[in-house]
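The residues making up each chain are set out below.
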Amino acid sequence: MIVFMITDALTAVTLYLAVQEYNKLMFKKQKLLLELKKYPQEGHELLRVPTEMYYVPLKVSLFYLLNPYTVLSCVAKSTCVINNAVIALFILATVKGSRLLTAVFLSLATYQSLYPVTLLSSALLYLLQKEFVPVKMKSTGFWLFSCQYCSIYLGSLCVLVCHSFFLLNSWDFIPSIYGFILSVPDMTPNIVLF
């Protein structure tokens, strides 16, 4: 139980740091656009002020920790707690702009479940914009960056899957993790439907 509580606390701290970093980046971008006079005069009262956003990271962390789903997952000792921590670390790495860590944490999340693979494109676009690579299909920088990122991601996932094979000496875990999600062999109603 202590391990799950520590993992939830780690997730909350990670979310706090991610939101704090994102706010800093948004304020820098907003200040630059204000200096370049890209905002209309009528919209200035809608802009973010650092004093208003000071408690937002704390609120995000508290909302995560006090969420009934989070509390019940921790009490039930569900692996969902670990998946949440890995995805929170993925978000922090993405906001920080670390291409390697983003790909590694996304591959760890995908290794546990297939659903986080949907975050690949959004992380790639965020990192492209952060690196000031033009998001144009004809740009060689776009394709080079995308191929590098996807190869790091697929390489990390391949290492994890191969490591599991060497530990279990069998590929039986693949249909259990990915095959069930893709083929849906059992249509029995589950708790989500209720």
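Computed from a prediction, not measured in an experiment: that's the story for all the values here.

Basis of the calculations
Residues numbered from 1 in each chain as written. Predicted model: local features only at pLDDT ≥ 70, side-chain atom pairs only at ≥ 80, totals over all residues. Heavy atoms only, no water. Core = buried A, V, L, I, M, F, W, Y, C linked by side-chain atoms within 4.5 Å. Buried < 20%, exposed > 50% of the residue type's maximum accessible area, 1.4 Å probe, protein only. Helix = DSSP H or I, 4+ residues; strand = E, 2+ residues; numbered from the N terminus. Contact = heavy atoms within 4.5 Å. UniProt positions renumbered as here; feature names shortened; annotations may be inferred. Phe/Tyr/Trp six-rings, centres within 6.5 Å; stacked < 30°, edge-to-face > 60°. Polar contact = N/O pair within 3.5 Å; in protein donor to acceptor, adjacent residues only side chain to side chain.

Draft legend 1. Just the nonpolar core, in detail. Ranked by internal contacts, the top residues of the largest apolar core, which has 16 residues, are Phe-90, Leu-106, Tyr-149 and Tyr-153. Looking at this core, the elements that each hand over two or more residues are α4 (80-96), α5 (99-112), α6 (119-130) and α7 (140-168). Setting aside anything within four residues of it in sequence, one finds Tyr-149 in contact with Phe-90, Arg-99, Thr-102, Ala-103, Leu-106, Leu-120, Ala-123, Leu-124 and Leu-127.

Draft legend 2. Geometry of the UniProt feature "transmembrane region" (unreviewed entry) in the protein. Here the UniProt feature "transmembrane region" (unreviewed entry) sits at residues 69-93, 100-128 and 140-168. Between the first and last C-alpha atoms of residues 69-93 the distance is 24 Å; the span itself is 84% helix and 0% strand. End C-alpha atoms of residues 100-128 are separated by 13 Å, and the span's content is 79% helix alongside 0% strand.

Draft legend 3. Molecular detail of the packing of aromatic side chains. Counted according to the given criterion, the structure contains five aromatic pairs. Ring centres 5.1 Å apart and planes at 75° place the aromatic pair Phe-142 and Trp-143 in the edge-to-face group. The class for Phe-142 is buried, based on a relative accessible area of 9%. By way of ring pairs, the aromatic residues Phe-165, Phe-166, Trp-171 and Phe-173 are connected into one cluster.

Draft legend 4. Just the environment of Ser-156, in detail. Relative to the assigned elements, Ser-156 resides in helix α7. Ser-156 gets classed as buried once you look at its relative accessible area, which sits at 16%. Note: C-alpha distance between Ser-156 and Thr-14 (142 residues apart in sequence) is 22 Å. Sequence-distant contacts of Ser-156, defined by excluding residues within four places in its chain, comprise Val-104 and Ser-107. A polar side-chain atom of Ser-156 sits 2.9 Å from the main-chain carbonyl oxygen of Ile-152.

Draft legend 5. The arrangement of unusual backbone geometry in detail. The phi dihedral of Lys-77 is positive, around 60°, even though this residue is not glycine. Structurally, Lys-77 is set in the loop between α3 (68-75) and α4. Judged by its relative accessible area of 47%, Lys-77 falls in the partly exposed class. The residue Asn-169 is not glycine, and still its phi comes out positive at about 60°. By the element assignment, Asn-169 lies in the loop between α7 and α8 (173-183). Among the residues examined, Asn-169 registers a relative accessible area of 63% and is labelled exposed.

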